[in-house]
Amino acid sequence: MNRKHLLVKLLLTSLPVLLLPAACREKVPESELVINIVPQPAVVAPQEGYFRLGKNTAIAIGSEEPKLREVADYLAGHLSRATGYDLKVREETREKGAKSTIFLSVDPRIGGEEAYVLQSGPGGLTITGGSPKGVFYGVQTLRQLLPADIESPVPVERKNWLVPGVRIEDAPRFSYRGLHLDVGRHFFPVPVIKKYLDLMAYHKINTFHWHLTEDQGWRIEIRKFPKLAEVAAFRNETLVGHGARPPFEYDGQRYGGFYTQDEVREVVAYAASLNIDVMPEIEMPGHAQAALAAYPELGCTGGPYEVVTRWGVFDEVFCAGNEEVFAFLEGVLDEVVELFPYKYVHIGGDECPKTRWEKCPKCQARKRQEGLKDEHELQSYFIQRVEKYLLTKNRSIIGWDEILEGGLAPQATVMSWRGISGGIEAARQRHDVVMTPTTHMYLDYYQFDPDTEPLAIGGFLNLEKVYSFEPVPAELNEEEARHILGVQANVWTEYIKTPEHLEYMVYPRACALAEVAWTTAGQRNWDDFKLRMMLHYDRLRALGVNFCDLEERSMRMGPRTM
Ligand code: ACM
Ligand code: ZN
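A brief look at the structure comes next. (Residues numbered from 1 in each chain as written. Chains lettered and ligands numbered in written order. Predicted model: local features only at pLDDT ≥ 70, side-chain atom pairs only at ≥ 80, totals over all residues. Heavy atoms only, no water.)

## Some points on the environment of valine 166
And then number 1: As for its placement among the helices and strands, valine 166 is situated in strand 7 (residues 162–170).
And then number 2: The exposure class assigned to valine 166 is buried, which follows from its relative accessible area of 0%.
And then number 3: Not counting residues within four places of it along the chain, the set of residues in contact with valine 166 comprises Ile35, Val44, Ala45, Pro46, Gln47, Leu118, Gln119, Ser120 and Leu145. (Helix = DSSP H or I, 4+ residues; strand = E, 2+ residues; numbered from the N terminus. Buried < 20%, exposed > 50% of the residue type's maximum accessible area, 1.4 Å probe, protein only. Contact = heavy atoms within 4.5 Å.)

Right, dumping it as structure tokens:
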């Protein structure tokens, strides 16, 4: 008996509640009727029998609401690909003989727009959402109730496509469920981003934080400032090896790339079709040296600057005393808000050394004029000015927790990354918070013994530790706790150069993130999750994900190259 069968057997014997007595009588292989969903839904009640997906199955929608139709078309396309059936979508009210119908509808009474109820059995399959978004999440759950083969990009010959009989009632714990990607250190083209989004949607993660600008590369076309694409998007070469371990060696290869505005629109539209919001990050005042290489007049010294070729935190930042800097950033943000409909723009704010500001006559004059007592207050002035501008465009800002230093901008949301203390402080000041601490949510950290892993930045963060994170600190009272909007994992790419390595770092840890973000605290259980992940790996495999296979990793000897 191989390990998979052993596991299924274990599930069948230790969790008999998941099994369907009627199904056993009909001699359907037990392994086809296991309910194993990541992230774990709120209520899972197994029922008699099963729903059979066949070539005559119809997908029906309760109304012609365009967003609902879009979800139905998505489901039809998805199921048709693997089964080879030509599944049709039609509008109908529920009717008799709907046995072979998957019926999608919206009922706002379900409880929240992301909530859904899925009911399957011999009488049919229904997904009712609080809005089309909820239906979409029900569809993601349905994918996981079918055999893993359902993710095949080409038709699979199979006797049965069965959905176990079950009633699932589900809704997310947090409204913000984020995954970040740094495309500044390494650039990932649009098809890679689309697969990243597909996998997010599969795990009910709803916010893509697109970290678009860095010292080592500016990755978004801005029409008003063409040198960002011509100059700031390319570096002369890249460090080989670890950034903190001399001697430093460089590869001598020019490297870069950027997204055209058409590509950005394509990504935003694709994400929207998956109910994912895209949050752009334009870093300021630090992590801006690539922009300075293109427009040196925006730095305190006037340059010259070059797009950075190694990793770290660099002194060259936007000058806080120069009006041209604000005109530049406003010009950039004008185009950004046109491209991204999401209500938030991330303005960075982290790791901004103040060494240049301390010596810059323009920055010092600004401090005097504005009555600012130190450089932290100067940074706060900078961020507040940008917030004010974005509020005129109906956008709110999010920034890394350094934006607390020198005073928070009045309506800013804080991303707590240096632990959770910034998040606690912000929530106590009645500001919204997204928790993303290095200790639990930095997917650029090692997940095994560094000697056996591809080069990473350092740290150690295994699947269990990600899973153990509780986003609402016990220190907060009920009212303060309401300011914790949710949780996010970050993927910094200094050491991640390829899509394969990216997937290896993100999965399976993003599955744990998904469950932290979606599943209520009382429902979360590491032992149960670990067991579910054993079967979930089959799904990741079917989806073509180069995930870090824990079973294989724990047996592997010697270093891994990627
Ligand atoms: C960060 O990791 N510098 C936000
Ligand atoms: Zn300056």
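## So, the pairing of strand 6 (residues 124–129)
Sheet faces and side chains relate simply in a regular strand, where the side chains alternate between the two faces.
And then number 1: Counted residue by residue, strand 6 has six buried out of six residues, so it is predominantly covered.
And then number 2: Residues Gly124, Thr126 and Thr128 of strand 6 are buried on one face, and the alternating residues Leu125, Ile127 and Gly129, pointing to the opposite face, are buried as well.
And then number 3: In terms of strand pairing, strand 5 (residues 116–121) meets strand 6 through six bridges, oriented antiparallel. Across the sheet, the residue bridging to serine 120 is leucine 125, located in strand 6.
And then number 4: Connecting strand 5 to the next strand, strand 6, in antiparallel fashion are two residues. (Pairing = 2+ DSSP bridges.)

## Here we look at the pattern of salt bridges
And then number 1: The tally for this structure, following the rule as stated, stands at 34 salt bridges.
And then number 2: Put simply, glutamate 316 and arginine 356 hold a salt bridge, and the shortest N to O gap is 2.7 Å. Placement of the pair is glutamate 316 in the loop between helix 8 (289–294) and helix 9 (323–339) and arginine 356 in helix 10 (residues 355–359), with a sequence separation of 40 residues.
And then number 3: For glutamate 316, a relative accessible area of 14% gives the class buried. (Salt bridge = Lys/Arg side-chain N within 4 Å of Asp/Glu carboxyl O.)

## Structural notes on helix 3 (residues 66–83)
And then number 1: Taking 1.5 Å per residue, 18 residues should reach 26 Å; helix 3 reaches 25 Å between its end C-alpha atoms and fits that length.
And then number 2: Along helix 3, the residues that are buried comprise Leu68, Val71, Ala72, Leu75, Ala76, His78, Leu79, Ser80, Ala82 and Thr83.
And then number 3: In the segment just after helix 3, glycine 84 is the residue with positive phi, at about 80 degrees. (Expected span 1.5 Å × (residues − 1).)

## Examining the coordination of the zinc ion (ligand 2)
And then number 1: Here the zinc ion (ligand 2) is held by Cys300 (SG), Cys319 (SG), Cys360 (SG) and Cys363 (SG), and the distances to it run 2.3 to 2.4 Å.
And then number 2: Around the zinc ion (ligand 2) sit four donor atoms, and with donor-metal-donor angles ranging over 106 to 113 degrees the site reads as tetrahedral.
And then number 3: Of note, the zinc ion (ligand 2) draws all its donor residues from one chain, in the sequence arrangement C-x18-C-x40-C-x2-C.
And then number 4: Overall, the relative accessible area of 3% leaves cysteine 360 in the buried class. (Donors = N, O, S within 2.8 Å, 3.2 Å for Na, K, Ca; no water. Tetrahedral: all angles 85-135°; square planar, octahedral: opposite > 155°, others 65-115°.)

## Some details on the packing of aromatic side chains
And then number 1: According to the stated counting rule, one finds 26 aromatic pairs in the structure shown.
And then number 2: Here the aromatic rings of phenylalanine 225 and tyrosine 295 are separated by 5.6 Å at their centres, their planes lie at 80 degrees, and the arrangement is edge-to-face. Separated by 70 residues along the polypeptide, phenylalanine 225 in the loop between strand 11 (217–218) and helix 6 (227–232) and tyrosine 295 in the loop between helix 8 and helix 9 bring together distant segments of the chain. Here phenylalanine 225 and tyrosine 295 have matching classes, each one buried.
And then number 3: Taking 6.4 Å as the distance between ring centres and 70 degrees as the angle between the ring planes, the aromatic pair formed by tryptophan 311 and tyrosine 495 counts as edge-to-face. Highlighted residues: tryptophan 311 in the loop between helix 8 and helix 9 and tyrosine 495 in the loop between strand 21 (484–489) and helix 17 (499–506), separated in sequence by 184 residues. When sorted by exposure, tryptophan 311 lands in the same class as tyrosine 495, which is buried.
And then number 4: By way of ring pairs, the aromatic residues Phe187, Tyr196, Phe208, Trp210, Tyr259 and Phe340 are connected into one cluster. (Phe/Tyr/Trp six-rings, centres within 6.5 Å; stacked < 30°, edge-to-face > 60°.)

## Structural notes on the sheet that holds strand 6
Within a sheet, each strand pairs with its neighbour through backbone hydrogen bonds, oriented either parallel or antiparallel.
And then number 1: The seven strands lie next to each other as 1-7-5-6-4-2-3, forming an open sheet whose pairing is mixed. The open sheet has two edge strands with one neighbour each: strand 1 (43–52) and strand 3 (88–91). Between one strand axis and the next, the sheet turns through 20 degrees on average, direction left out of account.
And then number 2: Taken together, the four bridges between strand 2 (residues 58–61) and strand 4 (residues 101–106) define a ladder with parallel strand orientation. Looking at the pairing, alanine 60 lines up with phenylalanine 103 of strand 4. (Axes fitted to C-alpha atoms, helices over the stretch in contact; angles between N-to-C directions.)

## Comments concerning the environment of glutamate 283
And then number 1: When you line up the elements, glutamate 283 lands in strand 16 (residues 277–284).
And then number 2: Given a relative accessible area of 1%, glutamate 283 falls into the buried group.
And then number 3: Once the C-alpha coordinates of glutamate 283 and leucine 212 are considered, the two residues, 71 residues apart in sequence, prove to be 8.0 Å apart.
And then number 4: What glutamate 283 contacts, discounting residues up to four positions off in sequence, is His211, Thr213, Glu214, Ala288, Phe318, Ile347, Gly348, Gly349, Asp350 and Trp400.

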